Amino acid sequence: MKVAMSLAEVRDLRHQLPDPFGLVPTMGFLHEGHLSLVRRAKSECGSVGVSIFVNPTQFGPEEDLEDYPRDVERDMLMLEDEKIDLLWTPMAEELYPPGYQTWVTVESLSQPLEGAHRLGHFRGVATIVTKLLTAVRPDRVYVGQKDAQQARVIRRLVQDLNLPVEVVNCAIVREPDGLAMSSRNAYLNPEERRAATVLHRALTAAAEAYAQGERGADALRLKMYEMLLGESMAKTQYVSVADPETLEEQWGPVERALLSLAVFVGKTRLIDNIVVGAG
Ligand code: PAF
């Protein structure tokens, strides 16, 4: 595994690697969810790179940028084990030099859901992902469905900016009790960790209702709320039944829908989602 920090180094090393080159962009503190992206990339690409960068511009002023879990040494050992070809740990001062003022904004898709509660978040995500993609020009970029809106935003920006990269969406990896894997799970104490399963329980309750024939968006949202209300440690921020492509909230009957939610368990904000319907 070669390690690059500067743009010059990463460009140089990437040119020496066989195509197709797959990139897995991450913010580090890796877990099985990230590794599933790495393994998928390894199985489909001639060479694989991972970037680790806690991107400051996607965190709001009240968010957890300072506290975001970091352990690059541990991440490096995990990536060595996966036998990736290239690790890039960009330098913030090179990606965002003094006077920086250029941003990528994916308009409507950034507005609802996470975008409504994390102002500027997707501007930061879209900007850094564009910078990572243009720096190393991967043939494929691997993104997790755990951040469903982020995956949709990335797909759109790649299409709109005509970037020659295929976006590969990878399934959510869950703990045995259903909790979606996330670096932020590290914030949970044991009691909160137990309570956090309510996100998956709420999604499952709605998905089961859908499987039994329920098509009303209101009824599906209600199913999720009912389950969340049963967990005293959970404070719901939003529950949504949205069109998986446009991310517009749905009010009538739905055939295919993205069910998603954001919930505080203690101070930790967790998100999860599930798609119901064919396609
Ligand atoms: O999902 C993440 O880890 C980040 O949002 C990403 C895509 C690496 C951009 O910073």
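Before reading on, note that the structure itself is shown above.
Quick notes on the rules
- Residues numbered from 1 in each chain as written.
- Predicted model: local features only at pLDDT ≥ 70, side-chain atom pairs only at ≥ 80, totals over all residues.
- Heavy atoms only, no water.
- Helix = DSSP H or I, 4+ residues; strand = E, 2+ residues; numbered from the N terminus.
- Buried < 20%, exposed > 50% of the residue type's maximum accessible area, 1.4 Å probe, protein only.
- Contact = heavy atoms within 4.5 Å.
- Areas by Shrake-Rupley, 256 points an atom, 1.4 Å probe, with all protein chains shown as cover.
- Polar contact = N/O pair within 3.5 Å; in protein donor to acceptor, adjacent residues only side chain to side chain.
- Pairing = 2+ DSSP bridges.
- Axes fitted to C-alpha atoms, helices over the stretch in contact; angles between N-to-C directions.
- Near = heavy atom within 4 Å.
- Right-handed = clockwise from strand over helix to strand, strands pointing away.

Asker: Explain the overall build of the protein to me, and be specific about the residues and the numbers.
Answerer: A count of helical and extended segments in the protein gives ten helices and nine strands. Principal-axis analysis of the C-alpha atoms places the extent of the protein at approximately 55 × 40 × 40 Å. Considering the protein as a whole, with its 279 residues, one finds that 52% of them fall into the buried category. Pairs at least 24 apart in sequence give 73% of the contacts found in the protein among residues at least 6 apart. With an accessible surface of roughly 13200 Å², the protein has 52% of that area assigned to carbon and sulfur atoms.

Asker: Break down the side chain of Asn55 for me, with residues and values.
Answerer: Here Asn55 is to be found in the loop between strand S3 (47-52) and helix H3 (72-82). There is a polar contact of 3.1 Å between the side chain of Asn55 and the side chain of Thr57. Among the polar contacts made by the side chain of Asn55, one reaches the main-chain carbonyl oxygen of Gly124 at a distance of 3.1 Å. Apart from residues lying up to four places away in sequence, Asn55 is in contact with Met27, Tyr96, Gly124, Val125 and Ile128.

Asker: How would you sum up the sheet that holds strand S9 (residues 268-276)? Please name residues and give values.
Answerer: Strand order in the open sheet made by the three strands is S7-S8-S9, with antiparallel pairing throughout. The open sheet has two free edges, formed respectively by strand S7 (234-242) and S9, since each of these has just one partner strand. In this sheet, neighbouring strand axes are inclined to one another by 15° on average, regardless of whether the strands run parallel or antiparallel. Bridge count for S7 against strand S8 (residues 257-265) is eight bridges, and the pairing is antiparallel. Along S8, the bridge assignment pairs Tyr238 with Ala262. Running at roughly 20° to S9, helix H9 (residues 198-211) makes contact with S7, S8 and S9 of the sheet.

Asker: If you had to explain the site of the ligand to someone new, which residues and values would you point to?
Answerer: The local shell around the ligand consists of Pro25, Thr26, Met27, Asn55, Gln58, Ile128, Asp147 and Gln150. Take Gln58: an N or O atom from its side chain is 2.6 Å from an oxygen atom of the ligand. Between the ligand and the protein, one listed contact pairs an oxygen atom with a side-chain N or O atom of Gln150 at 2.7 Å. When the free accessible area of the ligand is taken as 290 Å², the share hidden by the protein chains comes to 88%.

Asker: Could you give an account of the pairing of strand S5 (residues 140-144), naming the residues involved and the relevant values?
Answerer: Burial runs high along S5: four of the five residues are buried. Judged from the two bridges that link them, strand S2 (residues 21-26) and S5 form a sheet pairing that is parallel. From the neighbouring strand, Leu23 faces S5, where its bridge partner is Val141. Of the pairings in the sheet, the one linking S5 to strand S6 (residues 166-170) comprises five bridges and is parallel in character. Counterpart to Tyr142 in the pairing with S6 is Val168. Note on the crossover from S5 through helix H7 (residues 148-160) to S6: the handedness is right-handed.

Asker: Describe the pairing of S9, with residues and values.
Answerer: The two faces of the sheet receive side chains in turn, since in a regular strand these alternate between them. Counted residue by residue, S9 has seven buried out of nine residues, so it is predominantly covered. Pairing of S8 with S9, which is carried by nine bridges, proceeds in the antiparallel orientation. Following the sheet pairing, Leu259 is matched in S9 by Ile274. Hairpin geometry of S8 and S9 is characterised by an intervening segment of two residues between the two adjacent antiparallel strands and by a positive phi of about 65° at Gly266.

Asker: Account for unusual backbone geometry, naming residues and giving values.
Answerer: The step from Asp19 to Pro20 runs through a cis peptide bond, and the omega angle for that step is -10°. Of note, Pro20 is situated in the loop between helix H1 (7-15) and S2. Even without being a glycine, Arg137 presents a positive backbone phi close to 45°. Inspection of the secondary structure assignment puts Arg137 in the loop between helix H6 (121-136) and S5. Phi at Leu247 takes a positive value of approximately 65°, unusual for a residue other than glycine.

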